[in-house]
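Descriptive structure summary
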Amino acid sequence: MGSGQDGQEARTLRRARISVAAVFAIHGAAAGSLATRIPWIKDHLHLSAGQLGLALVAPAIGSFTSMPLAGRVLHARGHRAGNRLLICLYAAALALPALAPNLPLLVLALFVYGATAGVADVAMNAQAVEVEARLGRSVMSGLHGMWSVGGLLASGVGIAAAALAVPGSVHLPLMAACLVLIALPACRGLLDVQPEPEEEAPPRFALPPRSAFAIGLVGFCAVFAEGAGGDWSGVYLRSVAGAAPALAAASYTAFAGTMAAARLSGDAAVRRFGAVRATRGSGALAAAGGLLVVTADSAAQAIAGFALLGVGIAVVVPLCFAAAGHSGDNPSRAIAGVATVTYTSGLIAPATVGAIAQATSLRVSFGVVTALTLGLVAGARLLAPRAAPHSRTVARRESDAVESNL
């Protein structure tokens, strides 16, 4: 009997891991799809660079304001139904920006797109924490790697659509419909975690818990480096290293590609060295990459530096979410708090790098980025794994219900 139950539990967890990996990939695919059609939206609505920049602030605001609501949705509907609802809403919202007829409605569409992205992000990370806790080993880095894979695959489709002159008003709604159709069956294997009967619903909005805020500061440093590297690597290659346009574009490919590969393989490093040592090592690699960038006197050295920076920051954000999920009795609230603090960095990083470069130089900007990566080394202990009694109690309670509902 015992071995039969163990086998059933193993099958349940295997399905849950596949399902949550699919949700991460769908989320990444929605993000990657929109990114490829921003130029089409700009041309279609005859927007200036300033108008487009204003519109692109809306998703960030929507995401920032919506993240605290995820815990309430999961409390009301449970993890499986809540994740299914939120990832489908996000996938459907992908169609809205391409259908907007003018700038005000584009801003509104992008706000809704960002809001659905934010709550879906928190919900899928909460489910990932549950799966990781039940498995008893690190899987969070690989799941975030699946987000990158989804984004890369979808961006490939978007590039092909743009090359074939398929309008964004056709491509994005079709992609939205496909992602919804994929999400519905993909969510069936998720763990159906339900709140304790006496557990109160979380507030609609609450400040991050103190523990989550501290963890979020570590993620803040990593995402700042990610935003700076992603948005400014090509410019750095052109203006500082004197690279040709094609070679400058390759710097982003090196940065994003190595970061995705490191996330997919990062769980092995975490299992071998532990979260604290892995984070310290990651911070040291990121700092070394930053130093290569700052001192670069050739395009090859700068590209190598950005690639190493991508490797160094890859596993830190997944580890921040994992640590948040085990930092208290309300994982969803803690994850939302970490996401809010962490992703704020992504909002301010590109503009901050530009402002510092305007006042001094891009080398100085990336000197600041390099200094921030040392925050990963200093704050690594905050990501030490902790027991999560509440989460594990709930997980055990719903184990049999999961199998019967699949």
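Heads up: the structure comes first, above all this text.
Model, not experiment: these values are computed from the prediction.

Moving on, we come to the packing of aromatic side chains. Per the stated rule, a full pass over the model turns up 3 aromatic pairs. Pairing Phe-306 with Phe-366 gives two aromatic rings, centres 5.5 Å apart and planes at 85°, and the pair type is edge-to-face. One end of the pair, Phe-306, is in helix H12 (residues 299-313); the other, Phe-366, is in helix H15 (residues 362-378), with 60 residues separating them in the sequence. An identical accessibility class is assigned to Phe-306 and Phe-366; each is buried.

Attention shifts here to the nonpolar core. Core analysis: the largest hydrophobic core is formed by 110 residues, its most contacted members being Ile-87 and Phe-366. When near neighbours in sequence (up to four residues on either side) are disregarded, Phe-366 contacts Ala-228, Gly-229, Trp-232, Tyr-236, Val-293, Val-294, Phe-306 and Val-353.

Turning our eyes to something else, we now look at a nonpolar patch on the surface. A cluster of nonpolar side chains, namely Val-57, Ile-61, Leu-96, Leu-105, Leu-108, Phe-111 and Val-112, defines an oily patch on the protein surface of about 540 Å² accessible area. Of all the secondary structure elements, the ones that give two or more residues to the nonpolar patch are helix H3 (57-66) and helix H6 (103-135). Among the elements that make up the nonpolar patch, the one with the highest residue count is H6 (4 residues). With respect to the helices, strands and loops of the structure, Val-112 is situated in helix H6.

This part covers the environment of Leu-247. Relative to the elements of secondary structure, Leu-247 occurs in helix H10 (residues 245-273). For Leu-247 and Ile-303, which are 56 residues apart along the polypeptide, the C-alpha to C-alpha distance reads 9.0 Å. Apart from residues no more than four positions distant in its own chain, Leu-247 is found in contact with Ala-299 and Ile-303.

This part takes up the packing of helix H11 (residues 275-294) against H12. Between H11 and H12, the shortest axis-to-axis distance is 7 Å and the interhelical angle comes to 160°. Judged by the inter-axis angle, H11 sits roughly antiparallel to H12. Two packed elements cross with a definite hand, and for H11 against H12 that hand is left-handed. Taken together, the residues of H12 that come into contact with H11 (itself represented by Ser-282, Gly-283, Leu-285, Ala-286, Ala-288, Gly-289, Leu-292 and Val-293) are Gln-301, Ala-302, Ala-304, Gly-305, Phe-306, Leu-308, Leu-309, Val-311, Gly-312 and Ile-313.

The rules behind the values
Residues numbered from 1 in each chain as written. Predicted model: local features only at pLDDT ≥ 70, side-chain atom pairs only at ≥ 80, totals over all residues. Heavy atoms only, no water. Phe/Tyr/Trp six-rings, centres within 6.5 Å; stacked < 30°, edge-to-face > 60°. Helix = DSSP H or I, 4+ residues; strand = E, 2+ residues; numbered from the N terminus. Buried < 20%, exposed > 50% of the residue type's maximum accessible area, 1.4 Å probe, protein only. Core = buried A, V, L, I, M, F, W, Y, C linked by side-chain atoms within 4.5 Å. Contact = heavy atoms within 4.5 Å. Patch = residues over 30% accessible without salt bridge, like charges linked within 9 Å, V, L, I, M, F, W, Y side chains within 5 Å. Areas by Shrake-Rupley, 256 points an atom, 1.4 Å probe, with all protein chains shown as cover. Salt bridge = Lys/Arg side-chain N within 4 Å of Asp/Glu carboxyl O. Axes fitted to C-alpha atoms, helices over the stretch in contact; angles between N-to-C directions. Parallel < 35°, antiparallel > 145°, perpendicular 65-115°, else oblique. Left-handed = near helix turned anticlockwise from the far one by under 90°.

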